[in-house]
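Listed below, chain by chain, are the residues.
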Amino acid sequence: LVPSSSAEPSTAPSEEPSGQPSRSSQPSSEPSSMCGEFQDISTDGNVVVLPDDESEEVPMNNTFTFFGIDYTTTFISSNGFLSFGDKDGDCPNCIEYETEPFPNTDTPNNVIAPLWTDLNPSPFDDDGGGSVTYKYVMNMPDKFITQWTEVPEYDENDNINTFQVALYFDSGCIEYKYLQVLTEDDLNVGVENNDGTVGLDIPTASILDGSTTCVRLCYDGNNYAVVDEQ
């Protein structure tokens, strides 16, 4: 996969999204221009045991608004992304490890992807390892963190990756944070709406070389945009 050259939002004609109506199409009560620090939840978060190419739905203990629709649960994928599923509450293909640039209409859609690639956190495989944890953090601002800790690339035990995504409930902003990224497989970073017609594809070169350790995205009522990168 060749990283895209810019983080310009991509859009295509779309019908109004179906789902639970949002309380506000543009939530914005906290500052939206600063990346926060990496808050390690590897030891005090809720552990999700994920075999290779699996996902699990978990509660967020609050309501997060994504592309104008409210959600209280999310699917955590072993392959480095979250999804809010479809209008029926399912997550078709949430186990997918082959990636495509955002947006695209192939499932899974409704995706938040800090590091979508072929990972293996399975404790049942010789070439799997690490952990996946999540936590609802109440410390002004409230947020929901999901963390992949020392998770290797599939069939490559030495290519381990530690990263997280934080969803900020008040602002609706999203942060991707990276401690170590050693994967050599194809990957994608970005977001995508519930039918795959609107999204943002983020260049990955600076994430792979370690010069980018945090990317903050915020919603403008139509699409997400990068508001801070460190």
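Scroll up a little and you will see the structure.
Residues numbered from 1 in each chain as written. Predicted model: local features only at pLDDT ≥ 70, side-chain atom pairs only at ≥ 80, totals over all residues. Heavy atoms only, no water.

So, on to the overall build of the chain. Of regular secondary structure, the chain possesses one helix and 14 strands. Each of the 230 residues in the chain was classed as buried or not, and the buried ones make up 50%. Taking the intrachain contacts of the chain between residues at least 6 apart in sequence as the baseline, contacts between residues at least 24 apart amount to 64%. As displayed, the chain offers around 10100 Å² of accessible surface, 44% of which is attributable to carbon and sulfur atoms. (Helix = DSSP H or I, 4+ residues; strand = E, 2+ residues; numbered from the N terminus. Buried < 20%, exposed > 50% of the residue type's maximum accessible area, 1.4 Å probe, protein only. Contact = heavy atoms within 4.5 Å. Areas by Shrake-Rupley, 256 points an atom, 1.4 Å probe, with all protein chains shown as cover.)

Right, let's get into the side chain of N104. Positionally, N104 belongs in the loop between strand 5 (82-83) and strand 6 (111-116). Classification of N104 as buried rests on a relative accessible area of 13%. Not counting residues within four places of it along the chain, the set of residues in contact with N104 comprises N109, E192 and G196.

The grouping of E98, E100, D106 and D186 at the surface amounts to a negative patch. Residue position: E100 is located in the loop between strand 5 and strand 6. Accessibility expressed as a relative area gives 33% for E100, which makes it partly exposed. (Patch = residues over 30% accessible without salt bridge, like charges linked within 9 Å, V, L, I, M, F, W, Y side chains within 5 Å. Salt bridge = Lys/Arg side-chain N within 4 Å of Asp/Glu carboxyl O. Lys, Arg positive; Asp, Glu negative; His and termini not counted. Charge placed at Lys NZ, Arg CZ, Asp CG, Glu CD.)

Here the structure, examined in full by the defined rule, presents three disulfides. A sulfur-sulfur distance of 2.4 Å marks the disulfide that ties C35 to C214. For the disulfide bridge between C35 and C214, the dihedral angle about the S-S bond is near -95°, and by the sign convention the bridge is left-handed. Taken together, the residues C35 in the loop between strand 1 (10-11) and strand 2 (46-47) and C214 in strand 13 (residues 214-219) connect sequence positions 179 residues apart. Among the residues examined, C35 registers a relative accessible area of 13% and is labelled buried. Exposure remark for C214: the relative accessible area of 3% places this residue in the buried category. Bridging C91 to C94, the disulfide has an S-S length of 1.7 Å. Every disulfide takes its handedness from the sign of the S-S torsion; for C91 and C94 that torsion is 45°, giving right-handed. (Disulfide = S-S within 2.5 Å.)

Any link to function would need more than the numbers given here.
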